[in-house]
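Coordinate analysis (summary)
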Amino acid sequence: MNTSSVTNDWTRFAARFGTPKGDVEAFLNPPDTIPTGLHVLDREYLNGGMVPGVYTVMAEPGTGKSALALQVAMNVAGQGGRVLYLTAELTRNECVARAASSLSATEGSDVPAFSWSDWERMGRNEEGRKHGQDAIRQLHTICPGIVFADTLGIGDADAIDAVAEEAKAAGMQLLVVDYLQAIDPPHVEGATQFEGITSVCKLFTALAKELQVPVLLISSMGRAAQASGPDTVGGGYGTSRIEYDAQAQMRLTKTAETFEGGRVVKLHVTKNRRGPTTPGKGIELAFDGAHNRFTDF
């Protein structure tokens, strides 16, 4: 047996997948970390923040999963990041209302605090119109890098693929998608709902790898998962693919504890490739639903 020949053949074969030099370069040049701005989550569970890959948030309705996604987007944009917030659930104007309301409730805001649900009513009187316009200016001053896009005209997977590539070329550092099950999959004759949702999961996983950005993906939960314990890894409605692909999977649950102006919720990290999980414990967050705002509790 010619050991030299076999070794050379194996070296050439192995080079198709990487080289020792490439491994060293990757080690010395790790991907950028994007903090979520939720300090306990970043510090104790995400090793500093998000890296390229899919991150998921699941919850039963009304728990605040969309609010959490918006909060992370604003935190990143508030630190100078560029974020595409793609919503298939709300309109662009509804996103602006919730974001502006959230900022109005922060300490030192230049705008009187207002509930996002008052946004339309505010536009019907002179004082409200002034507050609303001031709130919009404040939002785009503090978070200049955030772009809200509803899915009117870009609601199917192929169009989203093109928009995401364009956003990356313009400097996008984070893609937020609210929410998975509302995205229209590529049309395939005879495809089942399971196959359709799975194909959308694959799209966002591929985009995260190709564009080298984190994708924060919101998902609704099946009824069985909603009734299960908070440490359940599965739960994405219509597919199990999301659990396999995620860098980290998170789940929000309500608690009975309240405070003036809101409720305490727990964020459970049920899967985590870059740090620990939170079995039976969870991260306590204060959720001010009137202002669509989360803070560390």
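Everything here concerns the structure above.
Since we're looking at a predicted model, the values are computed, not measured. Each residue is numbered by its place in its chain's sequence as written, counting from 1. With pLDDT at 70 or above as the cut-off, local features in this predicted model cover only qualifying residues; side-chain atom pairs require 80 or more to be listed or tallied, and sums for whole chains, interfaces and linings still use all residues. Side-chain measures here rest on the full set of heavy atoms in the structure, leaving out hydrogens and waters.

A few words now on the overall build of the chain. When helices and strands are tallied, the chain shows eleven helices and nine strands. Throughout, the radius of gyration refers to the C-alpha atoms, and the reference size of a globule is 2.2 Å times the residue count to the power 0.38. For the chain, the C-alpha radius of gyration of 21 Å lies close to 19 Å, the compact-globule estimate for 297 residues. Three labels apply to residues, based on accessible area from a 1.4 Å probe with only protein chains included: buried if under 20% of the type maximum, exposed if over 50%, partly exposed otherwise in between. Per-residue burial for the chain yields a buried fraction of 46% across its 297 residues. When contacts within the chain are restricted to residue pairs at least 6 apart in sequence, long-range pairs at least 24 apart make up 65% of them. With residues, only the protein chains shown are counted as cover, and all accessible areas are computed by Shrake-Rupley using a 1.4 Å probe. Accessible surface for the chain amounts to roughly 15,100 Å². Of this, 52% is attributable to carbon and sulfur atoms. Where helices and strands are cited, they refer to DSSP runs of H or I of at least four residues and of E of at least two residues respectively, numbered from the N terminus. When checking whether two residues touch, look at their non-hydrogen atoms; a contact exists if any pair is within 4.5 Å.

Further remarks concern empty space enclosed by the protein. Note on definitions: the grid is 1 Å and covers protein atoms alone; a cavity is a set of points where a 1.4 Å probe fits but cannot get out; a pocket is an open set with protein on both sides within 12 Å along at least five of seven lines; lining residues have an atom within 4 Å of a point. Grid points are joined across faces, edges and corners, and a volume is the space filled by probe spheres set on the points. Scanning the entire structure with this criterion turns up two cavities of 30 Å³ or more. Roughly 60 Å³ of volume is contained in the largest cavity. Around the largest cavity, the lining residues are Thr-36, Leu-38, Leu-41, Met-50, Val-57, Leu-68, Val-72, Leu-216, Met-250 and Leu-267. Charged residues are taken to be Asp, Glu, Lys and Arg, nonpolar residues to be Ala, Val, Leu, Ile, Met, Phe, Trp, Tyr, Cys and Pro, and polar residues to be all remaining types, Gly included. Per-class residue counts for the lining of the largest cavity are nine nonpolar, one polar and no charged. One number sums up the size of the second largest cavity: a volume of about 30 Å³. Taken together, Ser-66, Ala-67, Leu-70, Tyr-85, Leu-90, Cys-95, Arg-98 and Asn-292 make up the full set of residues lining the second largest cavity. Those elements giving two or more residues to the lining of the second largest cavity turn out to be helix 4 (65-78) and helix 5 (92-104). Per-element accounting of the lining of the second largest cavity gives the leading share, three residues, to helix 4. Each residue belonging to the lining of the second largest cavity can be placed in one class, and the counts come to five nonpolar, two polar and one charged.

With that settled, the discussion passes to the pattern of salt bridges. Only one rule defines a salt bridge in this text: a Lys or Arg side-chain nitrogen within 4 Å of an Asp or Glu carboxyl oxygen. Counted according to the given criterion, the structure contains six salt bridges. Among the ionic pairs, Asp-134 bridges to Lys-130, the shortest N-O distance being 2.8 Å. Here the residue Asp-134 and the residue Lys-130 both occupy positions in helix 7 (residues 126-142), the gap between them amounting to four residues, near one helical turn. Look at Asp-134 and you get partly exposed, because its relative accessible area is 21%. Linked by salt bridges that have partners in common, Lys-130, Asp-134 and Arg-137 make up one network.

Here helix 8 (residues 157-169) crosses helix 9 (residues 193-211) at 20 degrees, and the two axes come no closer than 11 Å. With respect to each other, helix 8 and helix 9 are oriented roughly parallel. The chirality of how helix 8 crosses helix 9 is right-handed. Along its contact with helix 8, which presents Ala-157, Ile-160, Asp-161, Ala-164, Glu-165 and Lys-168, the element helix 9 presents Leu-203, Phe-204, Leu-207, Glu-210 and Leu-211. Among the residues making up the contact of helix 8 with helix 9, the classes are represented as seven nonpolar, no polar and four charged. An axis is simply a line fitted to the C-alpha atoms; with a helix, the fit covers only the stretch in contact. Between two such axes, the angle follows the N-to-C directions and lies from 0 to 180 degrees. Under this scheme an angle from 65 to 115 degrees is roughly perpendicular, one under 35 degrees roughly parallel, and one over 145 degrees roughly antiparallel; angles in between are oblique. The hand of a helix crossing depends on one turn: near helix anticlockwise from the far one by less than a right angle means left-handed, and clockwise means right-handed.

Here we come to the packing of aromatic side chains. For any pair of aromatic rings, the description rests on two quantities: the centre-to-centre distance and the angle between the ring planes. In summary, the pairing rule links any two rings of Phe, Tyr or Trp, Trp by its six-membered ring, whose centres are within 6.5 Å, and it sorts them by plane angle into stacked for under 30 degrees, edge-to-face for over 60 and tilted for everything else. Under the counting rule described, the total for this entry stands at five aromatic pairs. The interplanar angle of 40 degrees and the centroid separation of 5.0 Å between the aromatic rings of Trp-10 and Phe-13 together place this pair among those described as tilted. Taken together, the residues Trp-10 and Phe-13, both in helix 1 (residues 3-15) and three residues apart, mark about one turn of the helix. Positioned over the ring face of Trp-116 is Arg-98, at 3.9 Å from the centre of the ring. Two conditions define a charge sitting above a ring: the NZ of Lys or the CZ of Arg must be within 6 Å of the ring centre, and it must be within 35 degrees of the ring normal.

Moving on to the sheet that holds strand 6 (residues 246-259). Any two strands between which DSSP finds at least two bridges are classified as paired. Here we have nine strands laid out as an open sheet, ordered 3-2-4-5-1-6-7-8-9, and mixed in their pairing. With partners counted over all chains shown, the strands left at the sheet margins are strand 3 (146-150) and strand 9 (293-296), one partner each. On average, adjacent strands in this sheet sit at an angle of 25 degrees to one another, irrespective of strand direction. Bridge analysis of strand 7 (residues 262-272) against strand 8 (residues 283-288) gives five bridges, and the strand direction is antiparallel. If you follow Val-264 over to strand 8, its bridge partner there is Ala-286.

Here strand 8 lies mainly inside the structure; five of its six residues are buried. In this structure, strand 8 lies alongside strand 9, joined through four bridges in antiparallel fashion. Opposite Leu-285, over in strand 9, you have Asp-296 as the bridge partner. In textbook terms, the turn of a hairpin is the stretch between consecutive antiparallel strands, and for strand 8 and strand 9 this stretch comprises four residues, one of which, Asn-292, has a positive phi near 55 degrees.

With that settled, the discussion passes to a nonpolar patch on the surface. Note that patches include only residues with greater than 30% relative accessible area and no salt bridge, and the join distances are 9 Å for like charges and 5 Å for nonpolar side chains (Val, Leu, Ile, Met, Phe, Trp, Tyr). A surface patch of nonpolar side chains, about 400 Å² in accessible area, is lined by Trp-10, Phe-13 and Phe-17. Here Phe-17 lies in the loop between helix 1 and helix 2 (20-28). Judged by relative accessible area, Phe-17 falls into the exposed class, the value being 63%.

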